[in-house]
Amino acid sequence: MNEILQILFGLFGGMAIFIFGMNMMSECLQKAAGEKMKGILAMFTKNPVMGVLAGALTTAVLQSSSATTVMAIGFVSAGLMTLPQAISIIFGANIGTTMTAQVIAFKISDYIFLIIFIGFLISYIAKTVKAKNIGQAVFAFGLLFLGIETMGSVMKPLAHSEFFVSMIGKVSDFPVLGIAAGTLMTLVVQSSSATIAVLQNFAEQAGPDGVTSILGLTGAIPILLGDNVGTTITALLASVGQAKDAKRTALAHCFFNISGCLLFVWFIRPFAAFIEWFSPTGPQVEVISRQIANAHTIFNLTMTLLWTLLLPYMVKLVTSIIRDTVHETQDLSMPLYLDNKLLQQPSAALRLTAEEVIRCGRATDSLLMEVAESVWVDDTGHLQPLFEKADQVRRLNEQITEYLSDLSAAGSMSEEQANEAVGIMYLLGDLDRIAYLCQETADSFKDKIENKYKYSKEAMKDLEKGLGLIEEMFHESFQMVLSGDRDREKKLNKKKEKVFDLSLNMRKAHMDRVSKGKCSTKLTKPFYRILNTLDRMSNSCTNIADEGFSNMGLNGSLYETAQEQA
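Residues numbered from 1 in each chain as written. Predicted model: local features only at pLDDT ≥ 70, side-chain atom pairs only at ≥ 80, totals over all residues. Heavy atoms only, no water.

## Details of helix α17 (residues 311–321)
In step 1: Residues of α17 that are buried include every one of Leu-311, Met-314, Val-315 and Val-318, and no others. Projection of α17 onto a plane perpendicular to its axis shows the buried side chains occupying an angular sector of 100°, all on one side. Facing away from the buried surface of α17 by more than 90 degrees, the exposed residues are Tyr-313 and Lys-316. (Buried < 20%, exposed > 50% of the residue type's maximum accessible area, 1.4 Å probe, protein only. Helix = DSSP H or I, 4+ residues; strand = E, 2+ residues; numbered from the N terminus. Arc of directions from axis to C-beta.)

So, in structure tokens, the structure goes:
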């Protein structure tokens, strides 16, 4: 086979193994870390410095700056954090991602297959899901280095190619070419960690003298700067279709890396000299990988320190570019918070789901109030908005349920998170049932108007009172789920008893009027249809309260999100 093809196949194959190992390790670490990641990200609520630390720690644990960036964009889109907080987390993510290059700089080629075997053994014999995830993360860590080793071995012949050495010389002499090459590589691969790993391996190849790197640190730094510019495309893609603050967060990420590139490109040689001064000494081919890792870390630390001090100006800059517009009324059925890009981030996805469920619950509460106010309506046209709102609430409910199904299918949830998702689905089932019963009630009102049924004033007043009690029951039961306050249970039970007594009395009163000839027998069926709907609404409200205390995980993300909103 042609030597060039062998090199290309080996390079792309090694990169594929590296990216697969990186993604697998990130996914397994997320599963193993579980809810602890929420605690790390909760640190952003204090100040920008804590936000930077939270972003750095989260990225170091997840081994994916893209995951942290996408998570921050999702949170700011959902309104779970402010724009300055999200930007500070992304600043920290740029520091956390440098840990990958630092790890790669360690020479562990002799232990790669031992690491792979240990990871396989742990995941194979482990009994708990968490232990299996840890084993798979170790296995993926070994694959990551196997990919690096593969890329390094196939690139060795390039060091003896006069044509390739000449091209590299041009990149070293013209930093712009190096920046363009690094940017293009990261745009294609969509992983700065992968392109920096390729850079570290290639730089380790010896030149004609067998000691000096074919690329050298001054040639590697421009490519490194380009890698940082190219990685901003992930944040930009994640912000597409999101709220304005999400787009501003992605734009801040771009400004962070592009400004750093524009600043450091003028000081490449002094910067390289500084890195060589405090990095390990020895033959260049043996220490350059660590030098590149150190350059990556120092670059991001410097830019993070600079922009953290200038954070208010960054916020003003991105806000002036992406301006606020007059708020438009949005279709209730359109989710405001759900983000498919976060399906591999279960903690973040569940928080956004909780935000949407709370919105759905409040819309259901409002819907019940409007139903109670429609008892005296005598024009079917006035009922049309009620039908439309009920339909929108049900469609929103359906989309939340589908999102949870997609989250489950992604296979990234821990057992605890899966239980929480099931609990939310149970709650959604009752919310949908209540919205459906609101439609049924509105339909009964429509029949009453079209068929000119004449109910007594006493019956109409009792019906209005009953629907009002149902709305109060729902409000109490939903607040029980959000607050975990069992004291509301007594109030709920009293209201349920009132609804039961009222429904029973209304049935007796109707039959009494029929027996006395004050009411037509033809009204019995449609009237009882409304009363039956009332009873079913009452049962659904009780179910919601019961689910809140049935150990189905409803006091997780829902409770935390509700407390943050309070």
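Moving on, there is more to tell.
## Quick word on the packing of helix α18 (residues 346–373) against helix α20 (residues 415–450)
In step 1: Where α18 meets α20, the closest approach of the two axes is 10 Å, and the angle between their N-to-C directions is 20°. As summarised for this structure, α18 and α20 are arranged roughly parallel, according to the angle between their axes. In this structure, α18 crosses over α20, and the sense of that crossing is left-handed. Two secondary-structure elements touch here, α18 through Pro-346, Ser-347, Leu-350, Thr-353, Val-357, Cys-360, Gly-361, Thr-364, Leu-367, Leu-368 and Val-371 and α20 through Gln-417, Glu-420, Ala-421, Ile-424, Leu-427, Leu-428, Leu-431, Ile-434, Ala-435, Cys-438, Thr-441 and Phe-445. (Axes fitted to C-alpha atoms, helices over the stretch in contact; angles between N-to-C directions. Parallel < 35°, antiparallel > 145°, perpendicular 65-115°, else oblique. Left-handed = near helix turned anticlockwise from the far one by under 90°. Contact = heavy atoms within 4.5 Å.)

## Brief notes about unusual backbone geometry
In step 1: One non-glycine residue, Lys-452, lies in the positive phi region at around 55°.
In step 2: Tracing the sequence through the fold places Lys-452 in the loop between α20 and α21 (457–483).

## Comments concerning the nonpolar core
In step 1: Formed by 80 residues in total, the largest nonpolar core has its most connected members in Phe-445, Leu-467, Ile-470 and Phe-474.
In step 2: Core analysis: the next-biggest nonpolar cluster, separate from the first, contains 42 residues, Ala-56, Leu-199, Phe-264 and Ile-288 among them. (Core = buried A, V, L, I, M, F, W, Y, C linked by side-chain atoms within 4.5 Å.)

## A word on the confidence of the model for the chain
In step 1: Residues at a pLDDT of 70 or more form 83% of the chain, whose mean pLDDT is 80.
In step 2: Mean pLDDT in the chain bottoms out at helix α2 (residues 36–41), which sits at 60, and peaks at helix α19 (residues 384–410), which reaches 92. (pLDDT = per-residue confidence, 0-100.)

## Some remarks on the packing of helix α16 (residues 284–309) against α17
In step 1: Between α16 and α17, the shortest axis-to-axis distance is 4 Å and the interhelical angle comes to 80°. One element, α16, and the other, α17, form an angle in the roughly perpendicular class. Along the contact surface, α16 presents Trp-307, Thr-308 and Leu-309, while α17 presents Leu-311, Pro-312 and Met-314.
In step 2: In terms of residue class, the contact of α16 with α17 is made up of five nonpolar, one polar and no charged. (Nonpolar A, V, L, I, M, F, W, Y, C, P; charged D, E, K, R; others polar.)

## Side note on the packing of aromatic side chains
Centre-to-centre distance and the angle between the planes together describe a pair of aromatic rings.
In step 1: With the rule as written, the count across this model stands at seven aromatic pairs.
In step 2: Aromatic side chains Phe-264 and Phe-271 sit 4.9 Å apart centroid to centroid with 75° between the ring planes, which places their arrangement in the edge-to-face category. Both residues of the pair, Phe-264 and Phe-271, belong to the buried class.
In step 3: For the ring pair Phe-274 and Phe-278, a centre distance of 5.3 Å and an interplane angle of 50° mean the geometry is tilted. (Phe/Tyr/Trp six-rings, centres within 6.5 Å; stacked < 30°, edge-to-face > 60°.)

## Considering a nonpolar patch on the surface
In step 1: Taken together, the side chains of Tyr-111, Leu-114, Phe-117, Ile-118, Phe-120, Leu-121, Ile-122, Tyr-124 and Ile-125 make up a nonpolar region of the molecular surface, amounting to roughly 910 Å² of accessible area.
In step 2: Relative to the helices and strands, Ile-125 resides in helix α7 (residues 112–125). (Patch = residues over 30% accessible without salt bridge, like charges linked within 9 Å, V, L, I, M, F, W, Y side chains within 5 Å. Areas by Shrake-Rupley, 256 points an atom, 1.4 Å probe, with all protein chains shown as cover. Salt bridge = Lys/Arg side-chain N within 4 Å of Asp/Glu carboxyl O.)

## Quick word on the pattern of salt bridges
In step 1: Scanning the model with the defined rule gives nine salt bridges in all.
In step 2: Its salt-bridge partner being Arg-395, residue Asp-391 comes within 3.1 Å of it at the nearest N-O pair. In this pair, Asp-391 and Arg-395 both sit in helix α19, four residues apart, roughly one turn of the helix.
In step 3: Measuring nitrogen to oxygen at the nearest pair gives 3.9 Å for the salt bridge that ties Glu-440 to Arg-529. Here Glu-440, found in helix α20, pairs with Arg-529, found in helix α23 (residues 524–548); they are 89 residues apart in sequence, far enough to count as distant.
In step 4: Judged by relative accessible area, Arg-529 falls into the partly exposed class, the value being 27%.
In step 5: Salt bridges sharing common partners tie together Glu-440, Asp-443, Asp-447 and Arg-529.

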